[in-house]
Amino acid sequence: MSYKEIFSGMAEELKSMKNSGTVAAYIPKLCEVDPDKFGAHLLTIDNQHFCFGDSNEKFSIQSIAKVLSLAMAFELEEDKLWERVGVEPSGISFNSLLQLEAGKGIPRNPLVNAGALVISDILVSSLKNPKRELIEFIRKASGNAEIAYSPAIVESEKLTGFKNAALINLMKSYGNIKNDIDTVLDFYFNLCSIEMTCKELAETFLFLAADGINPLSGIRIVDSSKAKRINAIMQLCGFYDEAGEFAFKVGLPGKSGVGGGIIAIHPDVYSIAVWSPKLNSKGNSYRGMKILEYLTTRTKSSIF
Ligand code: GLU
């Protein structure tokens, strides 16, 4: 089945699918979204676009942005990065404190909240103007100067970010946070607040399908070995405690966010972004996961 046929069949497929789950409520601003929204955008490395539904509507990409902060820190720090954060799946919820105590303040991977907080600390240490340089890095990856933080989401996260405060304080006590806690939290909440459409998300992540180069602009974002490793980390750690399920059912490296978005990469072929706000019990988009399973099943093509 071609991508065109799959995208034309999507409305039918969604009709027979329940819109189960709940919108993330622990960040008050995320509750304001219409739970019935659904968008998808697939972009091939030779610039063919296939889209469906609300694919041009901005939403909060949340933790999907953690892949981009990782890419930036990896470029800056090279393998020194792995002295402060691991590359193992967590098998536990994204904001859990449990493993941090056992790991003496070293998070399991850069995509759980604790890991992204350490990456944020590293970027705060090594950049002159961290928030501006991060957004410029993301704009370079996406080829889109309009990508921006959402101040309203930042404020909303600050109001209820008690778990993140607990994680960062615990890591500070083990010496794995070097900067002032409020400065790092502010950077982290800004990272999570970025808004994109499905189209922009697919464009931003296309470099990971093309050995580290954005094939549309020709600009290198990370070297090819780092692109390979970031994809490996997404495969193992991109879906909270459901990474195995995503590999089993979809078979692509990817990353989800509690805003209901998912990015997935088919190396050398395409990137695809889907968005449906209601989350399953593990915090991943219910219909987003199902539609990606439909895609790789119908195309008979995944990395496995
Ligand atoms: N901003 C969210 C938090 O810190 C991100 C969670 C997510 O998307 O996984 O809890």
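Just so it is clear, the structure is predicted and the values come from calculations on it, not from any experiment.

A. Seen up close, the pattern of salt bridges. A full pass over the atoms with the stated rule returns 16 salt bridges. With a shortest N-O distance of 2.9 Å, Lys-29 and Glu-32 are connected by a salt bridge. Residue classification places Lys-29 among the partly exposed positions, given a relative accessible area of 30%. On the accessibility criterion, Glu-32 (58% relative accessible area) is exposed. For the salt bridge of Asp-186 with Lys-158, the shortest nitrogen-to-oxygen distance reads 2.7 Å. Placement of Asp-186 in helix α9 (residues 181–192) and of Lys-158 in helix α7 (residues 151–160) is noted, with a sequence separation of 28 residues between them. On the basis of relative accessible area, Asp-186 is assigned to the buried category, the value being 18%. Judged by relative accessible area, which is 38%, Lys-158 ranks as partly exposed.

B. Structural detail: the sheet that holds strand β8 (residues 261–266). In spatial order, the strands read β2-β1-β9-β8-β7; together these five strands make up an open sheet with antiparallel pairing. Strands with a single pairing partner mark the edges of an open sheet, and in this sheet they are β2 (49–53) and β7 (254–256). Ignoring which end each strand starts from, the neighbouring axes of this sheet average 5° apart. Pairing of strand β1 (residues 39–44) with β2 involves five bridges; the strand directions are antiparallel. Within the sheet, the bridge partner assigned to His-41 lies in β2 and is Cys-51.

C. Summary view of the packing of aromatic side chains. Using the criterion set out here, one finds ten aromatic pairs in the structure. Between Phe-59 and Trp-275, the ring centres sit 4.8 Å apart and the planes meet at 5°, which makes this aromatic pair stacked. Placement of Phe-59 in strand β3 (residues 59–60) and of Trp-275 in strand β9 (residues 270–275) is noted, with a sequence separation of 216 residues between them. Given the relative accessible area of 1%, Trp-275 is considered buried. Centre to centre, the rings of Phe-239 and Phe-246 are 3.7 Å apart; their planes meet at 15°, and the pair counts as stacked. Taking the relative accessible area as the measure of exposure, Phe-246 reaches 1% and is therefore buried. Chaining the aromatic ring pairs together yields one cluster made of Tyr-3, Phe-7, Phe-50 and Tyr-270.

About the criteria used
- Residues numbered from 1 in each chain as written.
- Predicted model: local features only at pLDDT ≥ 70, side-chain atom pairs only at ≥ 80, totals over all residues.
- Heavy atoms only, no water.
- Salt bridge = Lys/Arg side-chain N within 4 Å of Asp/Glu carboxyl O.
- Buried < 20%, exposed > 50% of the residue type's maximum accessible area, 1.4 Å probe, protein only.
- Helix = DSSP H or I, 4+ residues; strand = E, 2+ residues; numbered from the N terminus.
- Pairing = 2+ DSSP bridges.
- Axes fitted to C-alpha atoms, helices over the stretch in contact; angles between N-to-C directions.
- Phe/Tyr/Trp six-rings, centres within 6.5 Å; stacked < 30°, edge-to-face > 60°.

By themselves, these are just geometric observations and shouldn't be taken as functional.
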